[in-house]
Number of protein chains: 4
Amino acid sequence: MACSRYEYVKGYEQDDRILPNVWIVIRIDGKKFHKFANTHKFEKPNDENALHVMNVAGIGVMQEFRDIVLGYGQSDEYSFVFRKDTDAFKRRAAKLLTYVTSLFSTSYVMSWPKWMQQPLAYAPCFDGRIILYPSDENLRDYLSWRQADVHVNNLYNTAFWKLVLESGLSNQQAEQRLRGTLSADKNELLYQQFGINYNNMPAMYRKGTILLRKRVLQFGQDEQDKGRQAIVPLHEDLIGAEFWRKHPEILGKYV
Amino acid sequence: MACSRYEYVKGYEQDDRILPNVWIVIRIDGKKFHKFANTHKFEKPNDENALHVMNVAGIGVMQEFRDIVLGYGQSDEYSFVFRKDTDAFKRRAAKLLTYVTSLFSTSYVMSWPKWMQQPLAYAPCFDGRIILYPSDENLRDYLSWRQADVHVNNLYNTAFWKLVLESGLSNQQAEQRLRGTLSADKNELLYQQFGINYNNMPAMYRKGTILLRKRVLQFGQDEQDKGRQAIVPLHEDLIGAEFWRKHPEILGKYV
Amino acid sequence: MACSRYEYVKGYEQDDRILPNVWIVIRIDGKKFHKFANTHKFEKPNDENALHVMNVAGIGVMQEFRDIVLGYGQSDEYSFVFRKDTDAFKRRAAKLLTYVTSLFSTSYVMSWPKWMQQPLAYAPCFDGRIILYPSDENLRDYLSWRQADVHVNNLYNTAFWKLVLESGLSNQQAEQRLRGTLSADKNELLYQQFGINYNNMPAMYRKGTILLRKRVLQFGQDEQDKGRQAIVPLHEDLIGAEFWRKHPEILGKYV
Amino acid sequence: MACSRYEYVKGYEQDDRILPNVWIVIRIDGKKFHKFANTHKFEKPNDENALHVMNVAGIGVMQEFRDIVLGYGQSDEYSFVFRKDTDAFKRRAAKLLTYVTSLFSTSYVMSWPKWMQQPLAYAPCFDGRIILYPSDENLRDYLSWRQADVHVNNLYNTAFWKLVLESGLSNQQAEQRLRGTLSADKNELLYQQFGINYNNMPAMYRKGTILLRKRVLQFGQDEQDKGRQAIVPLHEDLIGAEFWRKHPEILGKYV
């Protein structure tokens, strides 16, 4: 019963190394998280604690895979950007994709009880995909796309749930009320009807969460000691140029 | 801040649909599970409870993804076979690969406390790969390869840990004692020195765990009711022809 | 000016080895051959000599690449089937694809003057594609598809050009006359209006050309001599089972 | 005999669209051109006419495929660079690869009699490959690599054939004489022994041939007429920055 007779099947594995010198983005998405959110009674339109679980899972991934220079999370999705010249796992697509997806998944489950009252009713599931971006501009546009997406969705959802939860409209009525409205209209509605200045709402809801590696200085630290590295969550605009001026290390050398 | 300006980045996702009419095998492997086993003080050479966690995670995957016709687990790895003509997720490789890997990962973590005394010290991580096999013979050879592998490893490990734990040899001494020995030698050593008939050891350790879908009849059931489907764990030889005669549905129509 | 500084660019070539144990089909198609046929005044609906040029080019490819077990040509296309277990060029897709396409292309140009009166007005161009078929049934269905295609097209074209060239209809009138007709209608039209029994027309036009490797015996040959191998053109039905019974070597061992 | 039953086989073709925003390089190489050169008695170390055949074939390719911004030929190989944002044939890899390879091949055969005395003894064959380069620097390094290659080879070959053809050394003796020599040594040998200043040898041999698109003004032309575009062969250094300053259109907008 030697292995050798069957070992030829190893030869059926195919090489999936990623082209060098391109940005590697891995995006994780929750599978059927609409139902998952309902089952676990997430607060509408944003459940702060559920977002913390996502963020902590994202931080877990970045602590393990050092070549990730940026994470970006919103709603039930998280994107991770590997530096352009990473050679982690020889750039093998399946390795990178599954390690990130698996560790995000297990970290999510393990972080859950620290933030959520209700126990997990069933095992959550995430899909992951790899997208390659040749230029820095492509990468910035990708992240801008995701942040523009959270803006559009969150403004809508904020107005929608105000109408449902506070004005007593049915889901259908709220939908109808918002159909065809522009951003300005929804801002106005929130302000006039509910006294809410949308721009004062929590930045995490409006901007999503950006995870960056930063040196963290500590009190009493020796001058020679450059501080240890930490994963820092930010809730800023990343579409404008300012963000990229402040954090040049993302597109430059990895930290 | 319309999305539209950035949406072109969606066009960078590449089509990864798998060739029709081939067996799709997804294999999950624990990342650095040697260390993981030590940290969590797994029993040597086999930790029955830790294997149960793996099996329960495997069952979770098969309950969710109905086009998986067979699962096979041993040590820290699990293989899943999708039926040849599955159209699940349009056969997109990354979708299939990450859903299976993610659900296996979260199910593993969630099942852990039911079987293991010690809490998880950190989030475990699994990689996954897809391998395609055009013929039934290729598929059988793949599974035979994995089962031959568990045999070779388990016989070695059984002898190794007997020498270390019962005869007081150091790891190096045990390694040296076994170097160059054939299966017959190791069987003989176990019998002569430890009174163990290797073939009487638990089949789960020697053969791994095969997961199949089977109709389960229930007492008092209506005749019209064909019983519900269950995922049944078996610890049998799957290299010989007998297994395939007994379970023709694996290679035939999915159940 | 050493090469070494630049040699890293070699690392950007990607592995494109084809999955083992699948049929590799390469199909060549003429680029804009409608215009090419007009420029070179091909006879309508079939130019026997132009088809000979195609066939001779196909034979040239099969003489060079010994792992091709079958060629099939019709109109301006040619398909080549590599045996399932070929290891030619390590199954690298681009190598197989371009060698076949290039040699077909150059052989076409070189054979042209032997069959055609008019010199080539410009360089013809062919595209090529690779398609993989896991099962024998898939392969047969592929070839049946191409032969059904030549039947449908040739019957139509035969009727069309009879109406145009002999009945003096314009192209539009002929098109209109044939719109919505079934095969039986077109057969009937040919018979009634032009006294033509379609099934008596040249088999090469109706069935295309199948190229097979066969042992050719020669007069006075030694009994021990098994004859040399030749590429033999056939114009037969390959959709029915009979063809495959007569030529078992195609699906079996290569000759 | 409807096609429909078999048409499912079309679904086995796989999408091979190339990632957007990367340079697409296609390199053609002669198959066994060492033997081909001997059969057709190419002059050593360079056959000017044979190189012209290559160049004319390259020009033929660039005239047909307008998105190629640069061609580079040396010895029996030719590289073509498609502009980064080309959408020719929807960036399908096999289409791009085979069209270029096929047209190069047929153009080579058709141009042959205009330059070569001896008729073609058999159909030549070329392979083609696609390589993707994300950055302008990668692309320049690729071209530098090919031009450094022609320098190294041509200097060696020039010295080698001088030793064989003029000094009467055998091939082995010439090889041995040159083993381990640096560029400077070979330059010196050519100068001392044969009175040759290597840098005065024809630039086409030393630098290869660069094909660029340029506006060509014509005598008596109307001022409004910007001249027609022509494919212009150059034999310059492309490794240094000067070339790229002179021809900014290559990396910029396509012409």
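Residues numbered from 1 in each chain as written. Chains lettered and ligands numbered in written order. Predicted model: local features only at pLDDT ≥ 70, side-chain atom pairs only at ≥ 80, totals over all residues. Heavy atoms only, no water.

S.K.: Could you give an account of the relation of the copies chain C and chain D, naming the residues involved and the relevant values?
M.R.: Placing chain C over chain D gives an RMSD of 0.0 Å and needs a rotation angle of 180°, together with 0.0 Å of translation along the axis. The transformation just described matches what one would write down for a two-fold rotation axis. Of the residues that chain C buries at the interface, 100% are likewise interface residues in chain D, meaning the two copies contact each other through the same surface. (Least-squares fit on C-alpha atoms with pLDDT ≥ 70 in both. Contact = heavy atoms within 4.5 Å.)

S.K.: Can you lay out the sheet that holds strand E2 (residues 68–74) of chain A for me, pointing to particular residues and giving the numbers?
M.R.: All names here are of chain A. Read across the open sheet, the six strands follow the order E4-E1-E3-E2-E5-E6; overall the sheet is antiparallel. Only two strands of the sheet have a single partner each, and these edge strands are strand E4 (126–133) and strand E6 (228–234). In this sheet, neighbouring strand axes are inclined to one another by 25° on average, regardless of whether the strands run parallel or antiparallel. Contacting E2, strand E3 (77–82), E4, strand E5 (209–216) and E6, helix H2 (residues 48–64) crosses the sheet at an angle of about 20° to E3. Relative to the sheet, helix H3 (residues 93–115) contacts strand E1 (23–30), E2, E3 and E4, its axis offset from that of E4 by approximately 140°. (Pairing = 2+ DSSP bridges. Helix = DSSP H or I, 4+ residues; strand = E, 2+ residues; numbered from the N terminus. Axes fitted to C-alpha atoms, helices over the stretch in contact; angles between N-to-C directions.)

S.K.: I'd like a rundown of the pattern of salt bridges, residues and numbers included.
M.R.: One pass over the full model with this rule turns up 77 salt bridges over all chains. Two residues, Asp 67 of chain A and Arg 83 of chain A, come together in a salt bridge whose shortest N-O distance is 3.3 Å. Taken together, the positions of Asp 67 of chain A in the loop between H2 and E2 and Arg 83 of chain A in the loop between E3 and H3 put the pair 16 residues apart, joining distant regions of the chain. The class for Arg 83 of chain A is buried, based on a relative accessible area of 10%. The network of salt bridges with shared partners includes Glu 13 and Lys 95 of chain A together with Arg 27, Asp 29, Asp 127 and Arg 129 of chain B. (Salt bridge = Lys/Arg side-chain N within 4 Å of Asp/Glu carboxyl O. Buried < 20%, exposed > 50% of the residue type's maximum accessible area, 1.4 Å probe, protein only.)

S.K.: Tell me about the packing of H3 of chain A against helix H3 (residues 93–115) of chain B, and please be specific about residues and values.
M.R.: One can describe the packing of H3 of chain A onto H3 of chain B by two numbers: an axis separation of 8 Å at closest approach and a directional angle of 35°. With respect to the hand of their crossing, H3 of chain A and H3 of chain B are arranged in right-handed fashion. Along the contact surface, H3 of chain A presents Ala 94, Leu 97, Thr 98, Thr 101, Ser 102, Ser 105, Thr 106, Val 109 and Met 110 of chain A, while H3 of chain B presents Ala 94, Leu 97, Thr 98, Thr 101, Ser 102, Ser 105, Thr 106, Val 109 and Met 110 of chain B. Among the residues making up the contact of H3 of chain A with H3 of chain B, the classes are represented as eight nonpolar, ten polar and no charged. (Left-handed = near helix turned anticlockwise from the far one by under 90°. Nonpolar A, V, L, I, M, F, W, Y, C, P; charged D, E, K, R; others polar.)

S.K.: Can you lay out the relation of the copies chain B and chain A for me, pointing to particular residues and giving the numbers?
M.R.: The transformation that overlays chain B on chain A combines an axial shift of 0.0 Å with a rotation of 180°, and the residual RMSD is 0.0 Å. Mapped onto chain A, 100% of the interface residues of chain B again fall at the interface, so both copies present the same surface.

S.K.: Break down the environment of Ser 105 of chain C for me, citing the residues and quoting the values.
M.R.: By the secondary structure assignment, Ser 105 of chain C is in helix H3 (residues 93–115). Excluding its chain neighbours within four sequence positions, the residues that come into contact with Ser 105 of chain C are Phe 126 of chain C together with Ser 102, Ser 105 and Thr 106 of chain D.

S.K.: Provide a residue-level description of the interface of chain B and chain A, including the pertinent values.
M.R.: Tallying the contact residues gives 52 residues for chain B and 52 residues for chain A. When chain B packs against chain A, the two sides together hide about 4,600 Å² of surface, and 69% of this comes from carbon and sulfur. Where chain B meets chain A, there are eight salt bridges. When the shortest N-O distance is used, the salt bridge between Glu 13 of chain B and Arg 129 of chain A registers 3.2 Å. Between chain B and chain A we count 22 residue pairs in polar contact (both at pLDDT 80 or more) in total. Per-element accounting of the side of chain B that touches chain A gives the leading share, 13 residues, to H3 of chain B. Grouping the constituent residues of the side of chain B that touches chain A by class yields 30 nonpolar, ten polar and twelve charged. (Buried area = accessible area lost by both parts, 1.4 Å probe. Polar contact = N/O pair within 3.5 Å; in protein donor to acceptor, adjacent residues only side chain to side chain.)

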